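An overview of the molecular structure
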Amino acid sequence: MVSSPTPFSDRLLGTNELERRLARRLYESVADLPIVSPHGHVPAELLADPEARLGPPGRLFVSNDHYVLRMLYSQGIRLEQLGLTPLGEEPVEGDDRKVWQRLADNFQLFSGTPSGLWTAATLANVFGIEERLTSVNAQAIYDLLAEQLESAEFAPRALLDRFGIEVLATTDAAESGLEPHRRLHEEGWGKRVRPTFRPEAVTAIGSPGWRESLERLEAVCEREIGDYRAFLEVLEERRASFKALGATATDHATETLQTERLSEQEAGSIFRRALRAEVTPGEAERFGAHMLWETARMSCDDGLVMQIRAGSMRDHNSKLKERFGSDIGGDIPVALDWTHGLRPLLAAHGNDPRLRLILSTLDESTYSRELAPLAGHYPAVLLGPPWWFHDSPNGIGRYLDSITETAGFQNLAGFVDDAHNLIAIPARHDVWRRATCAWLARKVLIGILDEEDATRIAGELACGLARRAFRLPE
Amino acid sequence: MVSSPTPFSDRLLGTNELERRLARRLYESVADLPIVSPHGHVPAELLADPEARLGPPGRLFVSNDHYVLRMLYSQGIRLEQLGLTPLGEEPVEGDDRKVWQRLADNFQLFSGTPSGLWTAATLANVFGIEERLTSVNAQAIYDLLAEQLESAEFAPRALLDRFGIEVLATTDAAESGLEPHRRLHEEGWGKRVRPTFRPEAVTAIGSPGWRESLERLEAVCEREIGDYRAFLEVLEERRASFKALGATATDHATETLQTERLSEQEAGSIFRRALRAEVTPGEAERFGAHMLWETARMSCDDGLVMQIRAGSMRDHNSKLKERFGSDIGGDIPVALDWTHGLRPLLAAHGNDPRLRLILSTLDESTYSRELAPLAGHYPAVLLGPPWWFHDSPNGIGRYLDSITETAGFQNLAGFVDDAHNLIAIPARHDVWRRATCAWLARKVLIGILDEEDATRIAGELACGLARRAFRLPE
Amino acid sequence: MVSSPTPFSDRLLGTNELERRLARRLYESVADLPIVSPHGHVPAELLADPEARLGPPGRLFVSNDHYVLRMLYSQGIRLEQLGLTPLGEEPVEGDDRKVWQRLADNFQLFSGTPSGLWTAATLANVFGIEERLTSVNAQAIYDLLAEQLESAEFAPRALLDRFGIEVLATTDAAESGLEPHRRLHEEGWGKRVRPTFRPEAVTAIGSPGWRESLERLEAVCEREIGDYRAFLEVLEERRASFKALGATATDHATETLQTERLSEQEAGSIFRRALRAEVTPGEAERFGAHMLWETARMSCDDGLVMQIRAGSMRDHNSKLKERFGSDIGGDIPVALDWTHGLRPLLAAHGNDPRLRLILSTLDESTYSRELAPLAGHYPAVLLGPPWWFHDSPNGIGRYLDSITETAGFQNLAGFVDDAHNLIAIPARHDVWRRATCAWLARKVLIGILDEEDATRIAGELACGLARRAFRLPE
């Protein structure tokens, strides 16, 4: 057996020395640029509390990582064995070490996957562990990780500095009081850690938990929401509060992609029926389509950047959802129709220079068919980076290959890491930077770009585009 | 900064010397072959008038180029700033130099796009300008271009010779009198410049402008079209007139792809309702599906090759359409279903050796799923080249990768440039020839083709297939 | 003309020496592994009869090969000229030599196609004919082939040994009596040649031939099937009989992909209407969806692995079907929706550790959008290899590129050759092994896998995964 000829430091930069030499030059020009992270799911609480820690290794790398859970579950390992507790039950497995061991025992499942790349890079670059994780060394590595994770150097705020994170946006429910963000703001971290407005729970008027979400919204606004007009006013008020605490964007996840403008009267009457718990699924869907339209209108007014993530069916696995609650039930993508779905919204707001609408998809067939033509035409539209499953070396290649010839680079919104886990942020940006530089190097070698262009574009993709797309001051 | 290691003359031929050496040999065997251009949108008037000129640089490269307009518009530049005049208004910006300057100021938007490649190659190879266009040199380059464009050497007919264009087909409405083609025919250019029959305006019985189109058709035929039977007869008569002036093909653009055979009675009754402006959208759609079926039947009879371009939603941006008219409103592709949609037509005519049906799509997911299996089975079906957004280096690669393993090469219809702009034709064929040769070189290097096969196929792709597909004598 | 720089023995292994050197090492580790063939269409009769022969060259390589027939037909060669006889007519062309000559005369149609690769490799490696097939040498090669094909060394059972086929599964109708398999079993070949249970003809209650299929099922079970309950019992009984003769799997082809659970009462009432030939198309479709659900339930009980092949419209070319019968009429793929379609089945059985469900598609847009996320989550789901048109070098590349980052390698079911033709089996496995090794080599060179991982995965892809997925003992 001959060992790999590619040093770890050259990973993803090319398959031969000619590509690597050029990709390395491009990569060196961006490797140390600040991290701009305008969309993700790191809990604001972690950053608000200077004493907080990320947690023990098993929870951090397994129980809290939905990519890792999926893969282990797909191979027959029960979630109870991975640190998860069924709803209404007491925690069954207290031993974080066992959870970590299960990851180690099955680490080869992650060969060739982004999780495998991120984990190896995080262990090496953040924790100084270059050995490959195996069943044998799992406990020794656990000790090394656990000790570091408890130290002050691994406090979340310290990691922001160490990772060179210039700005980090969290994702926050519209009905959230934003207490952690208020504290961050007061302590001078407000420009660095910013909230993002996500109204999903209060606009999904047909979902079972809607009423409770609405009550939380009433509580946080100290106001009763008796009709549609009040509902709109409260949303506008919440957007202003988010903005005051540094938010520059809103985030909207939808399964299908429909937009529609209802008359005020019709919207009002559907909302009334929702308050009486009499709304039909069809009405709820139309109301959701209408709220996307209204959100674009609000964005024109207050300047918050609007992100749409479309096409994920949540909780496909209904048995797991029943047992463990939402967000663990195997979300699975569906086919999308952006061309028809977005048309009503774009007819009204797509030419408005005040609107910035960032689109993300899991249906790659729409990259070249719909998204690139839309972004390469409408002033308001930008394209988000490869999302979720597609935030991977091949996924990044398909994205750039399919989109940039039609949309160019200036209609992209740069990279977002979408991370739940602070510790993985550098690895995720690094994979993106390496993969984009390798892609650009091949374009130089084939004579489509010159190196000056490629260097400029590499910097834009690394952080310039994200800063501008999300209206983040440097 | 190190300059690009790839000389301009080697662009697109490969990322390393091994690929390039072989690709260069293939390319040299096709680079100087005649240009066969069986589908495009160069106005016949330009070629009919020996004194015509292509126009000043701003209009030629910006105002008249919908790819360039889209990209500049997507970045917030208004169309009025790019030489376009809103409907019903007087031209607001007379200065073609300013329009050109805007292109130069924003030229980096086109990095890595086909427009960027075509423009650079056209400036270099047609106008002898190898400098990269910048804000600084824009006006000096303008002068160089303007002077040449006014000269007799740049008269359209002179360019046909200079570019080695063996044959050029224009696209002409069924209701067109074909006066320019008549003049070309009389002056002995009839085999070199040929019309293409496009009946869209007169078969779209539900569209607002239909009645006027039908009246123009009546005028050109000097006959009243009082019923469906007369309508069919007139279409057949027009096809014969087009054929007499050199046409070998018809062209059909549809948004969705449906074909259906209505009974004569039903078609007649829908047509009657259309004449009384009482047709419903559903009836108009079925009539369109029926007319595709009828067109295939006519093609079996008169031998005109039938092209279907399916899946583009016209004028997605309704505001722009209102302001500037049709064809500027941001056409956006939609998903297609060829398998069900074409079945009625193919059931009747797909096995007929007289029919040649060329299919083009913007939905690349149908390449391997539907189009290659259809072309690799039905005698009548050939596949058109990558269309529009996908006529690009990556687009060509995806096309060949996804289609040729199932359909082979002999079920392809070769290349069409689809150009509106005569000046860009050589650059567009050159990108195709380079990209196909580079692709073939890799197949030789990996041992799938030998060089003799690859050389033969390169020639077929460059012009042989197009000549045969469109029944153009050499 | 310079001859190809790539020796035949290095085909598919890479475009340059760096890739090839590594790919060759990987390939050498798997090239001689046994062939595991858990799904295909070799007739069991051939293997049951020690005196059987594969037939003369024209029939073997042309008339019986639907890939080859399609391509020749697409270029205007009539099926009657290729050895096929229209229904109800006497064979019109007795001369197998002419059929072979037609293949030779048109062999360049197969340049760059899998059929071209398989044929060249089969001629070279099985028959020792390295010359390229041409019009000139066709008859001499015919003689060489015919002589060998008649010899005892080319008896099907002898070829199993010579090809190193460890296990071969055939595909057998539920209503088949399995006589050949019984004979194989008695003669000690039962572990090597296994049946697969395919109930399509008896579950398609709306199809014209259903009643006859049901009668055959009654005959083979010696029992009347008077109601739905009896129908289920008979299916379970047949599954047990298949299992007793070595079956480890069932196979289910569907055009659209729907699953649904009907109540026993509703299923019973639809079945009753089918028996009275009163079933509607909608009822037949729902019954089919229900039977997929029931089949998964039975698989949980008896452990037979369930394969679903979805998305092929059978007999698209209705004229050919009328003239030559089914299975020659140009099957064409359609778009699929696995996410919604499989949900009812997976909700009930997807978390059941007893179920193994292998999914195959012709709609590659679902690879990354739906299939990889499903396989990377549900314990029951594995992904079948690239199917049919996509079992090709580019197809294999797209499959691995799109799927493995999300699903990993352990959620794949390995390779199946799906061959109708025993003679082609080694060539098909060899293309898969070469293409996967070349793909893995590039992942090593770019630093995503190390060589040890890649070697392990190459072996898994070659036969390990297939053995485990199909529950085949080594």
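Residues numbered from 1 in each chain as written. Chains lettered and ligands numbered in written order. Predicted model: local features only at pLDDT ≥ 70, side-chain atom pairs only at ≥ 80, totals over all residues.

Focus: the overall build of chain A
- Secondary structure assignment for chain A yields 21 helices and eleven strands.
- Here the C-alpha atoms of chain A give a radius of gyration of 23 Å, agreeing with the 23 Å that 2.2 N^0.38 yields for 474 residues.
- Expressed along its principal axes, the backbone C-alpha trace of chain A runs to roughly 70 × 60 × 45 Å.
- The proportion of buried residues among the 474 residues of chain A is 57%. (Helix = DSSP H or I, 4+ residues; strand = E, 2+ residues; numbered from the N terminus. Rg over C-alpha atoms; globule rule 2.2 N^0.38 Å. Buried ≥ 20, exposed ≤ 12 C-beta atoms within 10 Å, placed from the backbone.)

So, the environment of B:Asp95
- Topologically, B:Asp95 is positioned in the loop between α4 (66-74) and α5 (96-105).
- The spatial distance from the C-alpha of B:Asp95 to the C-alpha of B:Gln81 is 9.9 Å, given a sequence separation of 14 residues.

Quick word on the sheet that holds strand β1 (residues 35-37) of chain C
Residue and element names in this part refer to chain C.
- Pairing in this open sheet of three strands is parallel, and the strands run β1-β2-β4 from one edge to the other. In this open sheet, the two strands that pair with only one neighbour each are β1 and β4 (193-194).
- Direction of pairing for β1 relative to strand β2 (residues 165-169): parallel, over a ladder of three bridges. Looking at β2, one finds that isoleucine 35 is bridged to isoleucine 165. (Pairing = 2+ DSSP bridges.)

Observations regarding the interface of chain C and chain A
- Taken residue by residue, the interface counts 43 residues in chain C and 45 residues in chain A.
- Elements represented by at least two residues in the side of chain C that touches chain A include exactly α1 (17-30), α17 (343-349), α18 (365-375), α19 (393-407), α20 (425-445) and α21 (451-469) of chain C.
- With eight residues, the top contributor of residues to the side of chain C that touches chain A is α18(C).
- Among the residues forming the side of chain C that touches chain A, the class breakdown is 16 nonpolar, 14 polar and 13 charged. (Contact = placed C-beta atoms within 7 Å. Nonpolar A, V, L, I, M, F, W, Y, C, P; charged D, E, K, R; others polar.)

What about the interface of chain A and chain B?
- Counting residues at the interface gives 43 residues for chain A and 46 residues for chain B.
- Those elements that provide at least two residues to the side of chain A that touches chain B are α1 (17-30), α17 (343-349), α18 (365-375), α19 (393-407), α20 (425-445) and α21 (451-469) of chain A.
- Sort the elements by how many residues they give to the side of chain A that touches chain B and α18(A) lands first, with eight residues.
- For the side of chain A that touches chain B, the residue count by class is 16 nonpolar, 14 polar and 13 charged.

Some details on the relation of the copies chain C and chain A
- Expressed as a screw transformation, the operator carrying chain C onto chain A has a rotation angle of 120 degrees and an axial translation of 0.0 Å, and the superposed copies differ by an RMSD of 0.0 Å. Both copies of the chain, as the preceding transformation shows, are related through a three-fold rotation axis. Residues of chain C ranked by C-alpha distance from the rotation axis are headed by C:Ser365, positioned 3.5 Å from it.
- In this assembly the copies use different faces: only 2% of the residues contributing to the interface of chain C also contribute to that of chain A. (Least-squares fit on C-alpha atoms with pLDDT ≥ 70 in both.)

Quick look at helix α14 (residues 281-302) of chain A
All names here are of chain A.
- Along its 22 residues, α14 runs 31 Å from first to last C-alpha, staying within 8% of the 32 Å computed at 1.5 Å per residue.
- Listed as buried for α14 are Phe287, Gly288, Ala289, His290, Met291, Leu292, Glu294, Thr295, Ala296 and Ser299.
- Downstream of α14 by a residue or two, glycine 303 has a phi angle that is positive, lying close to 80 degrees. (Expected span 1.5 Å × (residues − 1).)

Digging into the relation of the copies chain A and chain B
- Placing chain A over chain B gives an RMSD of 0.0 Å and needs a rotation angle of 120 degrees, together with 0.0 Å of translation along the axis.
- Different-surface contact between copies: only 2% of interface residues of chain A are shared with the interface of chain B.

Examining unusual backbone geometry
Residues and elements named next belong to chain C.
- If you check the backbone angles, leucine 12 has positive phi at about 70 degrees while not being a glycine.
- Structurally, the position occupied by leucine 12 is in the segment before α1.
- Even without being glycine, glutamate 222 reaches a positive phi, approximately 50 degrees.
- As for its position among the elements, glutamate 222 is in the loop between α11 (210-221) and α12 (228-244).

Examining α5(B)
All names here are of chain B.
- Within α5 the residues assigned to the buried category are Val99, Trp100 and Leu103. Around the axis of α5, the buried residues are gathered within 95 degrees of arc, so they sit on the same side.
- Looking at the buried residues of α5, the elements they touch are α3 (57-63), α4 and α7 (138-150). (Arc of directions from axis to C-beta.)

Some words on the domain arrangement of chain A
All names here are of chain A.
- Along its sequence, chain A is carved into domain 1 (8-52 + 156-469) and domain 2 (53-154).
- In this complex, domain 1 contributes 22 residues to the contact, which on the side of domain 2 involves 21 residues.
- At the level of secondary structure, the elements contributing two or more residues to the side of domain 1 that touches domain 2 comprise α8 (156-162), α15 (318-324) and α20.
- The dominant element in the side of domain 1 that touches domain 2, judged by the number of residues it contributes, is α20, at five residues.
- Its residues assigned to classes, the side of domain 1 that touches domain 2 comprises 13 nonpolar, five polar and four charged. (Domains from an automatic or database assignment.)

Topic: the nonpolar core
- Counting residues in each nonpolar core, the largest one holds 428 residues, and the members touching the most others are A:Cys437, A:Leu440, B:Cys437, B:Leu440, C:Leu26, C:Cys437 and C:Leu440.
- Residues in contact with C:Leu26, not counting those within four places in the same chain, are C:Cys437, C:Leu440, C:Ala441, C:Ala454, C:Thr455 and C:Ala458. (Core = buried A, V, L, I, M, F, W, Y, C linked by C-beta atoms within 7 Å.)

Remarks on the pairing of β2(C)
All names here are of chain C.
- Counting buried positions along β2 yields four of five residues, so the element is predominantly enclosed.
- As paired strands, β2 and β4 are joined by two bridges and run parallel to one another. By the bridge assignment for β4, leucine 168 is matched with valine 193.

A short note on the packing of α18(C) against α19(C)
Residues and elements named next belong to chain C.
- Between α18 and α19, whose axes approach to 8 Å, the crossing angle comes to 40 degrees. Taken together, the axis directions place α18 and α19 in an arrangement best described as oblique. Of the two possible hands of crossing, α18 and α19 adopt the one that is right-handed. The segment α18 lies against α19, with Tyr367, Ser368, Leu371, Ala372, Pro373 and Ala375 engaging Tyr399, Ser402, Ile403, Thr406 and Ala407. (Axes fitted to C-alpha atoms, helices over the stretch in contact; angles between N-to-C directions. Parallel < 35°, antiparallel > 145°, perpendicular 65-115°, else oblique. Left-handed = near helix turned anticlockwise from the far one by under 90°.)

What to know about the pairing of strand β7 (residues 305-310) of chain C
Residue and element names in this part refer to chain C.
- Counted residue by residue, β7 has six buried out of six residues, so it is predominantly covered.
- Bridging between strand β6 (residues 249-254) and β7 involves six bridges; their strand directions are parallel. Across the sheet, residue alanine 253 finds its bridge partner in β7, namely arginine 309.
- Alignment of β7 against strand β10 (residues 357-361), held across five bridges, turns out to be parallel. In the strand pairing of β10, alanine 310 is matched with threonine 361.

Observations regarding the environment of C:Asn421
Residue and element names in this part refer to chain C.
- Relative to the helices and strands, asparagine 421 resides in the loop between α19 and α20.
- Judged by local crowding, asparagine 421 falls into the buried class, with 23 C-beta atoms found within 10 Å.
- Beyond its immediate stretch of four places on either side in the chain, asparagine 421 contacts Leu60, Asn64 and Asp65.

Some details on the environment of A:Phe242
Residue and element names in this part refer to chain A.
- Mapped onto the elements of the fold, phenylalanine 242 is located in helix α12 (residues 228-244).
- Spatially, the C-alpha atom of phenylalanine 242 lies 42 Å from that of asparagine 106, the residues being 136 residues apart in sequence.
- If near-sequence neighbours (up to four positions away) are discounted, phenylalanine 242 is found in contact with Pro195, Phe197 and Ala247.

With respect to the sheet that holds strand β1 (residues 35-37) of chain B
- Spatial strand order, β1-β2-β4 (chain B): three strands in an open sheet with parallel pairing. Only two strands of the sheet have a single neighbouring strand rather than two, namely β1 and β4 (193-194) of chain B.

Some words on the packing of α5(B) against α7(B)
Residues and elements named next belong to chain B.
- With their axes 10 Å apart at the nearest point, α5 and α7 run at an angle of 125 degrees to one another. The orientation of α5 with respect to α7, classified from their angle, is oblique. As for how α5 packs across α7, the hand of that crossing is right-handed. Note on element contacts: α7 touches α5 through Ala138, Gln139 and Tyr142, opposite Arg97, Trp100, Gln101 and Ala104.
- The residue inventory of the contact of α5 with α7, partitioned by class, reads four nonpolar, two polar and one charged.

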